[in-house]
Amino acid sequence: QVQLVESGGGSVQAGGSVRLSCAASGGAFSNYIMGWFRQAPGKEREFVASITWSGARTNYADSVKGRFTIFRDTVKNTVYLQMNSLKPEDTAVYFCAADHRLTLTKYEYWGRGTQVTVSS
């Protein structure tokens, strides 16, 4: 069973930086797409960034381009989200997700989330 566990969340001042980690286990991830999503209170879940396990392709939401970077460590089976120049609008629960690409269903596996709070 694929398991994803996020860590690294916490409170930070506006303009600061946080690095989130997603530890992946239970699968052969070589063909997966790994993604980060977030959900703020009262809002829908939104896409933040994704990366193929190979690292060949990355995608970012327009709202985070130039501020956030997604990368992975294949030895540690860990995906990271480096978040710089944080804004209060970035406050949300951040979720790690994995898409095995075997079906049309996207992102079959999800972590339970980690809270990021950005104070003004």
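Residues numbered from 1 in each chain as written. Predicted model: local features only at pLDDT ≥ 70, side-chain atom pairs only at ≥ 80, totals over all residues. Heavy atoms only, no water.

Caption draft 1: Representation of the environment of I33 in the model. For I33, the position within the fold is in strand 4 (residues 33-39). When residues no more than four places from it in sequence are discounted, the contact partners of I33 are S50, I51, T52, A97, A98, D99, R101 and Y107. (Helix = DSSP H or I, 4+ residues; strand = E, 2+ residues; numbered from the N terminus. Contact = heavy atoms within 4.5 Å.)

Caption draft 2: View of the pairing of strand 1 (residues 3-7). Residues L4 and E6 line the buried face of strand 1, whereas the alternating positions Q3, V5 and S7 sit on a face that is not buried. Pairing of strand 1 with strand 3 (residues 18-25), which is carried by five bridges, proceeds in the antiparallel orientation. Opposite E6, over in strand 3, you have C22 as the bridge partner. (Buried < 20%, exposed > 50% of the residue type's maximum accessible area, 1.4 Å probe, protein only. Pairing = 2+ DSSP bridges.)

Caption draft 3: Examining the side chain of T114 more closely. Looking at the element boundaries, T114 is found in strand 11 (residues 114-119). From its side chain, T114 meets the backbone nitrogen of G9 in a polar contact 3.2 Å long. If we skip the residues at most four places from it in the chain, T114 touches E6, S7, G8, G9, L20, A92, V93 and Y94. (Polar contact = N/O pair within 3.5 Å; in protein donor to acceptor, adjacent residues only side chain to side chain.)

Caption draft 4: Focus on the nonpolar core. One finds M34, W36, L81, M83 and Y94 to be the most contacted residues of the largest nonpolar core, which totals 30 residues. Mapped onto this core, the elements with two or more residues apiece are strand 3, strand 4, strand 5 (46-52), strand 7 (68-73), strand 8 (78-83), strand 9 (92-99) and strand 11. For Y94, the residues in contact, after removing those within four places along its chain, are E6, L20, W36, F37, R38, V48, F68, L81, M83, G113, T114 and V116. (Core = buried A, V, L, I, M, F, W, Y, C linked by side-chain atoms within 4.5 Å.)

Remember that the coordinates give geometry; whether it matters functionally is a separate question.
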